[in-house]
Amino acid sequence: MRTGGSSSNDLTPYLNMVDPNSFEIIFRKFYPSLCFFAERITGSHDDAEDVIEELFVKLWNKQLQFETEQHLKAYLYRSAKNACLDFLKVSERSDMRNTFFAEERGYSEDAYLNEIIRAEIISEVYHAIESLSPQCSKIITMSYLDGKSNQEIADELNLSVQTVKNQKGRGLAMLKQRLPNDKFQLLLLIPYLQLFDLLYKH
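None of these values were measured; they are calculated from a predicted model.

> Describe the overall build of the protein, and please don't skip the residues or the numbers.
If you tally the helices and strands in the protein, you get nine helices and zero strands. Element order for the protein, N to C, with α for helix and β for strand: α-α-α-α-α-α-α-α-α. Each of the 202 residues in the protein was classed as buried or not, and the buried ones make up 39%. Once local pairs closer than 6 in sequence are excluded, the contacts in the protein between residues at least 24 apart make up 65%. Here the protein has roughly 11,500 Å² of accessible surface; of this, 51% comes from carbon and sulfur atoms.

Set out below in structure tokens:
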């Protein structure tokens, strides 16, 4: 499940989770970054989405009201981390579970905050990608977030390789205008960061 974000930066009017509209805005704002954050723990995109969707169901059922955006954010990320830990406890992937808990014993608060920052930055990049035309957004996502080659994208979307290249170039030009330079550079580096993570885990 993929979803876009709220265009509003001020969440103060939407901190009451009893209100359906406020809940939807909070969901759309934080769902992508929480999924990126959860994926770092579970090691699976699909599992991360399941964990975060269940987390929001529980949040709706509790109908909480938060005092500040910082309070809300702290609650969401702490709950996401705990939900991922609970997921790993019952997961059949014992090797991943044992590895994570071994790392967790030395997991500092700074490292935890760094993961939150990383998730929110990547989420901002993702929101910018979603603002592109549907085909352009799909091609950029497949190329830079999924790590697929031009040929793989062309085959999957039934397009010519040249069309893929053209759409990619057009998309990158628009993203360069819409994103701060450091976040645009991050987009170009994401495939290499994911490769580094894969090698590091092994």
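Let us keep going from here.
> Explain the pattern of salt bridges residue by residue, including any values.
The final tally for this structure, using the stated rule, is three salt bridges. For Glu-24, the salt bridge goes to Arg-28, with nearest N and O atoms at 3.2 Å. Here the residue Glu-24 and the residue Arg-28 both occupy positions in helix 1 (residues 20-42), the gap between them amounting to four residues, near one helical turn. Here Arg-28 falls in the partly exposed class, since its relative accessible area comes to 34%.

> Tell me about helix 3 (residues 69-90), and name the residues and values.
Structurally, the α-helix is built with 3.6 residues per turn, so residues lying three or four positions apart point the same way. In this model helix 3 runs 32 Å from its N-terminal to its C-terminal C-alpha over 22 residues, within 8% of the 32 Å that 1.5 Å per residue would give. Every buried residue belonging to helix 3 is among Leu-72, Leu-76, Tyr-77, Ser-79, Ala-80, Lys-81, Cys-84, Leu-85 and Leu-88, and all of these are buried.

> Residues and numbers for the side chain of Thr-42, please.
With respect to the helices, strands and loops of the structure, Thr-42 is situated in helix 1. In this structure the side chain of Thr-42 is engaged in a polar contact, spanning 3.1 Å, whose partner is the backbone oxygen of Ser-44.

> Any chance you could break down the side chain of Lys-168 for me, citing the residues and the numbers?
Positionally, Lys-168 belongs in helix 8 (residues 161-178). For the buried Lys-168, no salt bridge is present, and the opposite-charge side chain at shortest range is Glu-152, 9.9 Å distant. Here the side chain of Lys-168 touches Asn-150 through a polar contact of 2.8 Å, side chain to side chain.

> Describe the packing of aromatic side chains, and please don't skip the residues or the numbers.
What the rule picks out here adds up to six aromatic pairs. Note on Phe-23 and Phe-56: the rings are 6.1 Å apart at their centroids and 85° apart in plane angle, and the pair reads as edge-to-face. Here the residue Phe-23 occupies a position in helix 1, and Phe-56 occupies one in helix 2 (residues 45-62), the gap between them amounting to 33 residues. Residue class for Phe-56 comes out buried when judged on its relative accessible area of 2%. With a centroid separation of 5.2 Å and an interplanar angle of 90°, the aromatic rings of Phe-37 and Tyr-77 are classed as edge-to-face. Of this pair, Phe-37 sits in helix 1 while Tyr-77 sits in helix 3, and the two are 40 residues apart along the sequence. An aromatic cluster of at least three residues, connected via ring pairs, comprises Phe-23, Phe-27, Tyr-31, Phe-56 and Trp-60.

> Just give me the short version of the nonpolar core, but keep the residues and values in it.
Ranked by internal contacts, the top residues of the largest apolar core, which has 29 residues, are Ile-26, Phe-30, Leu-34, Ile-52, Phe-56 and Leu-76. Counting only elements with at least two residues in this core, the list comes to helix 1, helix 2, helix 3 and helix 5 (109-130). With sequence-adjacent residues up to four places away left out, Phe-30 is seen in contact with Leu-11, Phe-56, Leu-72, Lys-73, Leu-76 and Glu-120. In this structure, Ile-140, Leu-175, Phe-184 and Leu-186 belong to the second largest nonpolar core, which totals 16 residues.

> Pulling in residues and values, what's your account of the packing of helix 6 (residues 134-145) against helix 8?
At a minimum axis separation of 9 Å, helix 6 and helix 8 run at an interaxial angle of 95°. One element, helix 6, and the other, helix 8, form an angle in the roughly perpendicular class. Facing helix 6, whose interface residues are Gln-135, Cys-136, Ile-139, Ile-140, Ser-143 and Tyr-144, helix 8 presents Val-164, Gln-167, Lys-168, Arg-170, Gly-171, Leu-172, Met-174 and Leu-175.

> So what's going on with the packing of helix 7 (residues 150-157) against helix 8? Which residues, and what values?
Two numbers describe how helix 7 lies on helix 8: the axes approach to 8 Å, and their chain directions differ by 110°. One finds that helix 7 runs roughly perpendicular with respect to helix 8. Note on element contacts: helix 8 touches helix 7 through Val-161, Val-164, Lys-165 and Lys-168, opposite Asn-150, Gln-151, Ile-153 and Ala-154. Classifying every residue of the contact of helix 7 with helix 8 gives four nonpolar, two polar and two charged.

Procedures and definitions
- Residues numbered from 1 in each chain as written.
- Predicted model: local features only at pLDDT ≥ 70, side-chain atom pairs only at ≥ 80, totals over all residues.
- Heavy atoms only, no water.
- Helix = DSSP H or I, 4+ residues; strand = E, 2+ residues; numbered from the N terminus.
- Buried < 20%, exposed > 50% of the residue type's maximum accessible area, 1.4 Å probe, protein only.
- Contact = heavy atoms within 4.5 Å.
- Areas by Shrake-Rupley, 256 points an atom, 1.4 Å probe, with all protein chains shown as cover.
- Salt bridge = Lys/Arg side-chain N within 4 Å of Asp/Glu carboxyl O.
- Expected span 1.5 Å × (residues − 1).
- Polar contact = N/O pair within 3.5 Å; in protein donor to acceptor, adjacent residues only side chain to side chain.
- Lys, Arg positive; Asp, Glu negative; His and termini not counted.
- Phe/Tyr/Trp six-rings, centres within 6.5 Å; stacked < 30°, edge-to-face > 60°.
- Core = buried A, V, L, I, M, F, W, Y, C linked by side-chain atoms within 4.5 Å.
- Axes fitted to C-alpha atoms, helices over the stretch in contact; angles between N-to-C directions.
- Parallel < 35°, antiparallel > 145°, perpendicular 65-115°, else oblique.
- Nonpolar A, V, L, I, M, F, W, Y, C, P; charged D, E, K, R; others polar.

What is shown is where atoms sit, not what they do.
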